[in-house]
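Here is what each chain is made of, one letter per residue.
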Amino acid sequence: FKGEYFGSLAVALWIYVMGYFVLKDQAYPFALPIRFLCSFLILSSTTFLTLVPWIFFGGGENCNDFDPEMEDENGQRLQDHRTQTIVRIAATWILAALGIYMSMADHPESTYIRQSVRCVLFFWLGTGVRCLDTFLGACLGGDRDNDGVRDMVFKNGVNIVALMSVAFGLATSFLGEIWCIQLVIQRLLTFQEAFGEPLPCVKAISCLEFMMKVCMPCVAVAALLPDPTTLVVTTFTTVFLVLLVVLVSWAYSLPLKALRDAREVDSKDDAMGKQLMKETGFAMKVIFAAQLGFVVAGLSMAIYLCAFGLFPVMRTNIMTNIYHYGGLADSLGNAFCIVLLSVSSLSLPKISCCPKKAVADIQEENFVNEDCTCGQQLGKSLNQASQSITPVHAVSACDACAWEIKVAELANRRVSVGQLLNFYTQLGASEKPGLMPHFLPEKSTTNDVVRHAVIPESRQGTKGEALAVTWHQAVSEHESGRHFSVVQKALIKDYAPRMVTHHWANRFRDLVAAVVADALHLSRWDSVAQHLSCGEVEILREGLAESGTQDSQYWICALCINQHASICGNSMGVRDTVTGDVLPFCDCSTPKYFNDHPVQCELNKFDCMMKHLHHHYSQDFLQVVAIDKDFNLFSRAWCVAELVEAYNSHMDQHVMLHSPSVLEQNSGRLSSLKVENCAASRPEDKEAILSKIGAEAEIEKFNGRLQQLLLGSKGLLAGWLDAQKLLQEVGAIAARARSRCEEHRARVSDEDIQQTSMESGDIVV
């Protein structure tokens, strides 16, 4: 029977390798139909296992045919087997429920979450398969050798299925424990990286993790060896495990101490103390949850290992129960740990009862221009990349088609993240004093930069263009060898840009940080902003080059709208945030178009341009929401309109936050947000947005959708952090707390020295 035993071990090992190594790069949930299928398979399999005694053995009555009071070699009677059957089925259903929830749930992009889902399903599978051994032991037990002792169905080849279920269940328990430990250590190392300082005993933890990987398979193999061997192997393994749990908990002691010390310091700060204490409290809760999860998992592992080692040498009824129930506690404890570390990132998907139309049907429906009077239907043609059209001039097109031409022209403008960084380095640079020499990263807003740098840089003689057009003009002419008409430019095939929704009163540094962070696949921009403030642009360029995203394209209104055709001639008395002087204006002769010329105006087409890009590039186009620290983005009417347009069009939306603490600080304001209370630079813009929405009833519905977009279970800000990113945030909070404590101690030390000097008569000047 050793062949069947090792065969079952090999199957469990193969599933583990597939789940942990082969699928390690999976970061997104499966499509909803596949998730439903997986959930159905879990549910139906668990139901089938529950009904096995009735399907194959006729229920409990038939299991009473043999003497129910006869004990097996472990001192167990029929009632003991029945109790184990009920408890094992209950444990299987608990793991099935967890597995179904995690399989069905939506979550942000995260390989860690996908690993957690597969690990929980691994425990469910092992526990379910072990039910077969319990059923067979209860219903097939006999006394074939007439020695007065109930036979064990998995021994001496009595039942191969029972033997294989035992082997497979043991293997999944031990491999699952390794899997859980790997996930916990992975989180710890992520935390250490964000904390910026080596945590205590991390090297010892890594060594113990390796020892656990070696010892766990040895425990499974030792079950075939003489009894003392199993006890010796499990004893060493249990010692290593206990040490690992203690050291992992101890590793968090350094950041916890920094957080506790910071709370004492912050409690004396009347201005920011309350917010900082809330931040440190959040971090401490996350660390305590990580500690609790691994302590529970480690305790259940240790109990099971001890019982597994003692069971061969102490075959009593009590020890047998400890062994079986310890195994179930082990699976549930590990699953509890994994779910505890992942649940904050999970949310059940929304299911719409309305069938979705095919993309082609949507494109056809939205871009057949019913208002066209010239018969050219440019609204449809400009969105069919494979269809060549005859170039036309806007003057020969009707207003409806001219509108579509302008939308397509705007949509074709974009800047690369590399160009954006180059532009940023020129601001305030001494070698080019004409490009906003007074620029300060911590103060200068996007509005300041547009007036002092974007408008002057995009002027060409007496006329001006969008800065994005100026940057690309020479390159485009070199590549093409000829000039393009407006319509031909709109038809140029290019990679899908990402549209950035942002607030002009936000610091320009923070806008650049949000864009660069998105290109680096981050979800927060505070660390990038720090690099920009310190002039460490080369570090960011190296990161972009390593990720291959230095040429990623973005549509940013400040750079892609022709400011000379709108606002350049009047600064409306707004003052520079650094100098306090009135912002400059431009005296170019470029014609200005506002809402009184709706077709030529470039300020009233953001939602149409988003729709154009979405249908032209399908799922490749997405929106980047660059949220400022004060969340003022949500008070701007055009920004809100862009968010809802993307939401209604089912576009992918990437939220770029400064940090979770900023989200927590401002979340209360979002719950009362209404579009009619939002502001716009021009009153006519707000009127136009509200008129597009409709009457008062439609505006109320719009506000409901806005709340769902921001705070709903699948909204922009729901599940923003996955488990690893959550630990990164907590590590950063702990690092800031440590810095505050060090500054406080240094300040107190300086004050003590000064006080001592004054008392001795030696006043320090």
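Everything below is about the structure printed above this text.
Reference entry: report on the structure contained in this document. None of these values were measured; they are calculated from a predicted model.

Thoughts on the overall build of the protein chain
Across its full length, the protein chain carries 27 helices and seven strands. Taken over 765 residues, the protein chain has a buried fraction of 50%. Considering only contacts within the protein chain whose residues lie at least 6 apart along the sequence, 79% involve residues at least 24 apart.

Points about helix H18 (residues 508-519)
Under the 1.5 Å per step criterion, the end-to-end length of H18 is 17 Å for 12 residues, consistent within 8% with the ideal 16 Å. Most of H18 sits inside the fold, with 12 of its 12 residues counted as buried. Trailing H18 by a residue or two, His521 shows a phi angle of about 65 degrees, which is positive.

Quick notes on the side chain of Asn447
Within the element layout of this structure, Asn447 appears in helix H15 (residues 446-457). When its relative accessible area of 17% is taken as the criterion, Asn447 is described as buried. The contact partners of Asn447, leaving out residues within four places of it in the chain, are Trp504, Val574 and Leu583.

Points about the sheet that holds strand E6 (residues 622-626)
With mixed pairing, five strands are arranged side by side in an open sheet as E1-E5-E4-E6-E7. Looking along the sheet, the strands with just one partner apiece sit at the ends: strand E1 (415-416) and strand E7 (652-656). Of the strands in this sheet, strand E4 (498-501), E6 and E7 touch helix H23 (residues 637-648), which is tilted by about 145 degrees from E6.

Details of the packing of aromatic side chains
Scanning the entire structure with this criterion turns up 19 aromatic pairs. Relative to Tyr252, the ring of Phe191 has its centre 5.4 Å away and its plane inclined at 75 degrees; by these criteria the two rings are edge-to-face. On the criterion of sequence distance, the pair formed by Phe191 in helix H5 (residues 160-195) and Tyr252 in the loop between helix H7 (227-251) and helix H8 (253-266) is long-range, its members being 61 residues apart. Comparing Phe191 with Tyr252 shows no difference in burial state: the two are buried. These aromatic residues form a ring-pair network of at least three members: Tyr16, Tyr20, Phe21, Phe122 and Trp179. Of note, Arg315 hangs over the ring of Phe311, and the distance from its end group to the ring centre comes to 4.7 Å.

Points about the pairing of strand E5 (residues 553-556)
Burial along E5 is two-sided: the residues Gln553 and Trp555 and Tyr554 and Ile556 are all buried. As judged from the two bridges shared by E1 and E5, these two strands associate in the antiparallel manner. Among the inter-strand pairings, Val415 is bridged to a residue of E5, identified as Tyr554.

Section: the packing of helix H14 (residues 417-426) against H18
Look at H14 against H18: their axes get within 10 Å of each other, and the N-to-C directions meet at 150 degrees. As far as their axial angle goes, H18 and H14 are roughly antiparallel. Considering the relative orientation of H14 and H18, their crossing is left-handed. Counted together, Val417, Leu420, Leu421, Phe423 and Tyr424 of H14 and Phe508, Arg509, Val512, Val515, Val516 and Ala519 of H18 form the full contact between these two elements.

Some words on a nonpolar patch on the surface
A contiguous nonpolar surface patch, about 400 Å² in accessible area, is contributed by Leu13, Val17, Phe21, Val22 and Leu23. When you line up the elements, Leu13 lands in helix H1 (residues 2-22).

A look at empty space enclosed by the protein
Enumeration according to the criterion identifies three cavities of 30 Å³ or more in this entry. When its volume is computed, the largest cavity comes out at roughly 120 Å³. The wall of the largest cavity is formed by 14 residues, among which Arg88, Arg130, Ser173, Gly327 and Leu328 lie closest to the centre. When residues of the lining of the largest cavity are traced back to their parent elements, those giving at least two are helix H4 (111-139), H5 and helix H10 (317-342). No other element matches the five residues that H10 contributes to the lining of the largest cavity. For the lining of the largest cavity, a count of residues per class yields four nonpolar, eight polar and two charged.

Thoughts on the pairing of E6
Of all five residues in E6, five are buried; the element is thus mostly enclosed. Side chains Leu622, Val624 and Ala626 of E6 all project onto a buried face; the interleaved residues Gln623 and Val625 project onto the opposite face, where all are buried too. Alignment of E4 against E6, held across four bridges, turns out to be parallel. For Thr501, the partnering residue across the bridge sits in E6 and is Val625. Two elements, E6 and E7, share five bridges in a ladder whose sense is parallel. Across the sheet, Ala626 pairs through a bridge with Met656, a residue of E7. The β-α-β motif built from E6, the intervening H23 and the parallel element E7 has right-handed crossover chirality.

Let's talk about the nonpolar core
For soluble globular proteins, the rule of thumb is that nonpolar side chains tend to be buried together. Of all hydrophobic cores here, the largest spans 88 residues; its most connected members are Phe423, Leu427, Val449, Phe508, Leu532 and Ile556. Looking at this core element by element, the count peaks at nine residues for H18. If you look at the next biggest cluster of nonpolar residues, it comprises 84 residues, including Tyr112, Cys180, Phe195 and Leu199.

Focus on the side chain of Gln182
Structurally, the position occupied by Gln182 is in helix H5. According to the relative accessible area criterion, Gln182 is buried, its value standing at 5%. Ignoring any residue separated from it by four or fewer positions in sequence, one finds Gln182 in contact with Tyr16, Tyr20, Glu209 and Lys213.

A closer look at unusual backbone geometry
Backbone geometry places His521, a non-glycine residue, at a positive phi of 65 degrees. Mapped onto the fold, His521 is located in the loop between H18 and helix H19 (526-533). A positive phi angle is found at Met572, which is not glycine, with a value near 55 degrees. Among the structural elements, Met572 can be located in the loop between helix H21 (557-560) and helix H22 (606-617). Accessibility expressed as a relative area gives 54% for Met572, which makes it exposed.

Things to note about the environment of Leu13
Exposure remark for Leu13: the relative accessible area of 43% places this residue in the partly exposed category. Distance in space between the C-alpha atoms of Leu13 and Pro217 is 9.7 Å, their sequence separation being 204 residues.

Here's the deal with the packing of H22 against H23
Between H22 and H23, the shortest axis-to-axis distance is 9 Å and the interhelical angle comes to 25 degrees. It follows that H22 is roughly parallel to H23 by the angle criterion. Here the hand of the crossing between H22 and H23 comes out right-handed. Here Phe606, Asp607, Met610 and Lys611 of H22 come into contact with H23, specifically with Trp638, Glu642, Glu645 and Ala646.

The rules we used
- Residues numbered from 1 in each chain as written.
- Predicted model: local features only at pLDDT ≥ 70, side-chain atom pairs only at ≥ 80, totals over all residues.
- Heavy atoms only, no water.
- Helix = DSSP H or I, 4+ residues; strand = E, 2+ residues; numbered from the N terminus.
- Buried < 20%, exposed > 50% of the residue type's maximum accessible area, 1.4 Å probe, protein only.
- Contact = heavy atoms within 4.5 Å.
- Expected span 1.5 Å × (residues − 1).
- Pairing = 2+ DSSP bridges.
- Axes fitted to C-alpha atoms, helices over the stretch in contact; angles between N-to-C directions.
- Phe/Tyr/Trp six-rings, centres within 6.5 Å; stacked < 30°, edge-to-face > 60°.
- Lys NZ or Arg CZ within 6 Å of the ring centre and 35° of its normal.
- Parallel < 35°, antiparallel > 145°, perpendicular 65-115°, else oblique.
- Left-handed = near helix turned anticlockwise from the far one by under 90°.
- Patch = residues over 30% accessible without salt bridge, like charges linked within 9 Å, V, L, I, M, F, W, Y side chains within 5 Å.
- Areas by Shrake-Rupley, 256 points an atom, 1.4 Å probe, with all protein chains shown as cover.
- Salt bridge = Lys/Arg side-chain N within 4 Å of Asp/Glu carboxyl O.
- 1 Å grid on protein atoms, 1.4 Å probe; cavity = no way out; pocket = protein on both sides within 12 Å on 5 of 7 lines; lining within 4 Å.
- Points joined across faces, edges and corners; volume = space filled by probe spheres on them.
- Nonpolar A, V, L, I, M, F, W, Y, C, P; charged D, E, K, R; others polar.
- Right-handed = clockwise from strand over helix to strand, strands pointing away.
- Core = buried A, V, L, I, M, F, W, Y, C linked by side-chain atoms within 4.5 Å.

Any functional reading would require information beyond the geometric quantities listed.
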